[in-house]
Amino acid sequence: MPPLDEGTPLFVQIAEQLADDIVDGVLAEGARVPSTNELAAFYRINPATAAKGINVLVDEAVLEKRRGIGMFVASGARERLRAGRRRRFAEQYLDPMLAEAKRLGIDTDTLVSLIQGSSWHNGGDTP
Amino acid sequence: MTPVISATALGRRYRDQAALEDVSLAVEPGTVTGLLGRNGAGKTTLMRIVAGQEFPTSGTIAVFGEAPAENEAVLRRMVFVREEQAYPDLRVRHAIRVASWFYPNWSEELAQQLLADFDLPLQRRIRKLSRGMRSAVGIVIGLAARAELTVFDEPYAGLDAVARQLFYDRLLADFAEHPRTVVLSTHLIDEVADLLEHVVMLDRGRVVLDAPADDVRGTAMTVSGAATAVEEFVADRPVWHRQRLGARASVTVAGPLEAAAQARARALHLSLEPLSLQQLLFHAASSPADEKVSA
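Remember, predicted model here, so these are calculated numbers, not experimental data.

Engineer: I'd like a rundown of the overall build of chain B, residues and numbers included.
Structural biologist: Looking only at helices and strands, chain B has 11 helices and 13 strands in total. If you line up chain B on its principal axes, its C-alpha atoms span 65 × 40 × 35 Å. In chain B, which comprises 295 residues, the proportion classed as buried is 42%.

This is the structure in structure tokens:
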């Protein structure tokens, strides 16, 4: 069971973990997502909280309800989520990295060469 | 929606001791509400009044819209499982059968499954059971009753962590299949925090917090880092608690922190950590009585 952290509302965390699975392709477009009760049992949370998390993604048109069958990943959902995350990338990842680099006295050139030298950049899949 | 439980300015005094003071709250149907607080905060008194086992000295209580005391119509729709529940001298299987007669929505199938889950000896007299087993009998009855209002008051005396988790899992699973109104009183707050939809916190007989569980997360944050930066950051915020170690400080402030404040904290190299429900209770209970925690 993935750990849930304090602070962030639980329903937001449920929505984010489902969104992660869609972005990673674990949940393919058109696939059925776990029901509210399945999510509640898995994460050991209140079913109303799980439903609220699912509704966040329904409002964003990432999930769609098919009456009587369940909840499914909408077509185009993965790309919509990726576009949204690209927009937030600088704020969420670059800004903290630049702040830490400044604190440690790493200048921009060094930073660029670090990025170019990283195993990720070289196509490896272990950092 | 009409609340299942509705308390208005409820008070209960024992001689010159006030167990409850000016308690007003509403429990909505189909929710799991946590009634939290330290031992002696008034949780049991409140639940006994809800269950019609005790009278308030002031204010009013309504359950399903009616006064619960000696009200058969209300009491049949409610199951109340208390800590260290006393049972007549019966064998386990007889106690279960007697309970099945009383509750109209009783599920024998669930009862049998739970008896097996908790490994209860059906032929043994309840008096001869261990404390934990006696608690398990209460849990079996409380869940199998499937009562519209299910009230658990610290139902797990003597149960170990594994058995408590079994209780939470079975409660959640059956609640999902058969929605009802659940009130769970406990001081093991972090264990149940994620199960709750609504939180009511009592301290010294008063309600100090009454909010949706989602809103409670982020009610307060602990900010730590270099003391000068921490003090700069918290300057215009209500401070709950201060700690200092050399040049480092750790200060708890009222939240939630908006995105701009979080970005500023990062720029100042401060770490932010939200308070858990358990920590919130600690602060609510140690702050002056007139200072309410608002979420």
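Engineer: I'd like a rundown of the packing of helix 2 (residues 36–43) of chain A against helix 6 (residues 161–177) of chain B, residues and numbers included.
Structural biologist: Between helix 2 of chain A and helix 6 of chain B, the shortest axis-to-axis distance is 10 Å and the interhelical angle comes to 170°. On the basis of their axis angle, the class for helix 2 of chain A and helix 6 of chain B is roughly antiparallel. Note on element contacts: helix 6 of chain B touches helix 2 of chain A through L172, A173 and A176 of chain B, opposite N37, A40 and A41 of chain A. Its residues placed into classes, the contact of helix 2 of chain A with helix 6 of chain B shows five nonpolar, one polar and no charged.

Engineer: Quick one: what's the story with unusual backbone geometry, residue by residue and with numbers?
Structural biologist: Excluding glycine, a negative phi dihedral is what most residues carry, and trans is how most peptide bonds are arranged. Residue and element names in this part refer to chain B. Here A9, not a glycine, exhibits a phi torsion of approximately 50°, which is positive. A positive phi is found at H269, a non-glycine position, where the angle reads about 60°. Here H269 shows up in the loop between helix 10 (259–267) and strand 13 (271–274). Taking the C-beta count within 10 Å as the criterion, H269 has 12 such neighbours and is therefore assigned exposed.

Definitions and limits used
Residues numbered from 1 in each chain as written. Chains lettered and ligands numbered in written order. Predicted model: local features only at pLDDT ≥ 70, side-chain atom pairs only at ≥ 80, totals over all residues. Helix = DSSP H or I, 4+ residues; strand = E, 2+ residues; numbered from the N terminus. Buried ≥ 20, exposed ≤ 12 C-beta atoms within 10 Å, placed from the backbone. Axes fitted to C-alpha atoms, helices over the stretch in contact; angles between N-to-C directions. Parallel < 35°, antiparallel > 145°, perpendicular 65-115°, else oblique. Contact = placed C-beta atoms within 7 Å. Nonpolar A, V, L, I, M, F, W, Y, C, P; charged D, E, K, R; others polar.

Spatial relationships are all this shows, so hold off on functional conclusions.
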